[in-house]
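Observations on chain architecture
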Amino acid sequence: MRRVHLEAAEDHVERLARENDPVGAVKELVWNALDADATRVEVVLDLSGLGGVEKITVIDNGSGITPEGCDSAFERIGGSWKKMTRRTPQLNRFLHGSAGQGRLRGYALGDHIRWATVADGIDGRRRVMIRASATARNDFEISTPQPTDDPTGTTFEAWGRQSKRLDQLKTHKAVAQLTTELATYLAVYQGVEVIYDGQRIDPEKSVQRRDEYELSFTVNGEPAQAARLRVVEWSMKTDRELHLCDADGITVDIADVGIRAPGFTFTAYVLWEAMPEHQGDFLLGEGRLDSEVPPIAWRPDLRG
């Protein structure tokens, strides 16, 4: 067993954990699994005797974290290997994350967090356990790698906290949020299965209508950029959101732009090749003055 210390101020780590957003934390963990070439991801919610969420488990059959990669994965913020490529190493699928901060989101789900991961490293297939606690957010205990014949994959667990925020995870809204975010990804990779609290995430079952529009805009006076606006109307109830996506429809960010359309439950997706380079820049929705990307002001008649 060895201890790795994350080189960052603890209050900064706490901010990155976004503890008021447990649904976002689950989404991030699912994306981490998909970026590790998982074809099956299952989110399990364990409830207390009073019906509150007391433990969250995320299980995937991806490539896992190698013993050689554990230190770099947990000792610093940023520096993710995902910055070097836009594709997963084994199945050549589109990557979602690249900021190297996803592991910190686990603190939004529990005071105690643990990863059990099996991966093929330099010395063969090994199992590693990584543990951390909210009492010392910057310290991760990493076990000595053990030989194993188990299949590769990672199991994440979080427990030790009960709150009304965690109870958001057992609502229909949580399922809807995961559905809208994964909709384009699951349409591209139909062999991927995501199970949430016993229910398979299947966006197509909830799609009532899908429309697409061509957009164009300029950046810093350069030639016009091409983008697409995809509008999906749902039969389920969900927040109206604007998803900022890469050209393949993989969500980079979500902007709350206060779209008002009574009786019309939908998600809008802006697909733009350069979107990953503008993560955190919501000017597409807001027209912010400190960004080089202009606002997209044109709106179609969403009712059709």
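Here the structure is a predicted model, which is why all the values come from computation and not from measurement.

Relative to the elements of secondary structure, Thr267 occurs in strand E15 (residues 266-271). By relative accessible area, Thr267 is classed as buried at 0%. Side-chain polar atoms of Thr267 contact the side chain of Trp234, separated by 2.8 Å. Apart from residues no more than four positions distant in its own chain, Thr267 is found in contact with Thr180, Arg230, Val231, Val232, Trp234, Thr238, Glu241 and His243.

Time to look at the sheet that holds strand E14 (residues 251-255). The five strands lie next to each other as E11-E12-E15-E13-E14, forming an open sheet whose pairing is mixed. One side of each edge strand has no neighbouring strand; the edge strands of this open sheet are strand E11 (207-217) and E14. Within the sheet, the average angular offset between the axes of one strand and its neighbour, ignoring direction, is 20°. Inspection of the sheet shows strand E13 (residues 241-245) paired to E14 by four bridges, in the antiparallel sense. Residue pairing in the sheet places His243 in a bridge with Ile254 of E14.

On to the packing of aromatic side chains. Scanning the model with the defined rule gives six aromatic pairs in all. Ring geometry for Trp115 and Phe140: centres 6.4 Å apart, planes at 50°, overall tilted. Residue Trp115 is located in strand E4 (residues 112-121), and its partner Phe140 is located in strand E6 (residues 136-142); the two are separated by 25 residues in the primary sequence. Each member of the pair Trp115 and Phe140 is classed as buried. Sitting over the face of the ring of Tyr107, Arg137 holds its NZ or CZ atom 5.3 Å from the ring centroid.

Another aspect to go through is the nonpolar core. Side chains that are nonpolar tend, in soluble globular proteins, to be buried together. Counting residues in each nonpolar core, the largest one holds 48 residues, and the members touching the most others are Ile56, Leu109, Phe140, Leu169 and Tyr196. For this core, the element with the most residues is helix H2 (residues 22-35), which contributes eight residues. Residues in contact with Ile56, not counting those within four places in the same chain, are Val26, Val43, Val44, Leu45, Leu109, Phe156, Glu157, Ala158, Leu166 and Leu169. Residues Leu215, Ala268, Trp272 and Met275 belong to the second largest nonpolar core, which totals 18 residues.

Inspection of the entire model under this criterion finds 16 salt bridges. In this structure, Glu141 engages Arg3 in a salt bridge whose closest nitrogen and oxygen atoms are separated by 2.8 Å. Of the two residues, Glu141 sits in strand E6 while Arg3 sits in strand E1 (residues 2-5), which places them 138 residues apart along the sequence. With a relative accessible area of 55%, Arg3 lands in the exposed category. Of the charged contacts in the structure, one is a salt bridge between Arg40 and Glu193, with a shortest N-O distance of 3.1 Å. Of this pair, Arg40 sits in strand E2 (residues 40-47) while Glu193 sits in strand E9 (residues 193-196); the two residues are 153 residues apart in sequence, bridging distant segments of the chain. The class of Arg40 is partly exposed, set by a relative accessible area of 35%. Overlapping salt bridges, with partners in common, bring together Arg40, Glu42, Glu193 and Arg200 in one network.

This brings us to helix H4 (residues 172-188). For the α-helix, the turn length of 3.6 residues means that residues three or four positions removed from each other point alike. Taking 1.5 Å as the rise per residue, H4 with 17 residues should run 24 Å; its terminal C-alpha atoms sit 24 Å apart, in good agreement. Along its length, H4 shows its largest kink, about 55°, at Leu182. Counting buried positions over the 17 residues of H4 gives 13, a clear majority of the element.

About the criteria used
- Residues numbered from 1 in each chain as written.
- Predicted model: local features only at pLDDT ≥ 70, side-chain atom pairs only at ≥ 80, totals over all residues.
- Heavy atoms only, no water.
- Helix = DSSP H or I, 4+ residues; strand = E, 2+ residues; numbered from the N terminus.
- Buried < 20%, exposed > 50% of the residue type's maximum accessible area, 1.4 Å probe, protein only.
- Polar contact = N/O pair within 3.5 Å; in protein donor to acceptor, adjacent residues only side chain to side chain.
- Contact = heavy atoms within 4.5 Å.
- Pairing = 2+ DSSP bridges.
- Axes fitted to C-alpha atoms, helices over the stretch in contact; angles between N-to-C directions.
- Phe/Tyr/Trp six-rings, centres within 6.5 Å; stacked < 30°, edge-to-face > 60°.
- Lys NZ or Arg CZ within 6 Å of the ring centre and 35° of its normal.
- Core = buried A, V, L, I, M, F, W, Y, C linked by side-chain atoms within 4.5 Å.
- Salt bridge = Lys/Arg side-chain N within 4 Å of Asp/Glu carboxyl O.
- Expected span 1.5 Å × (residues − 1).
- Bend = angle between axes of the 7 residues up to and from the residue.

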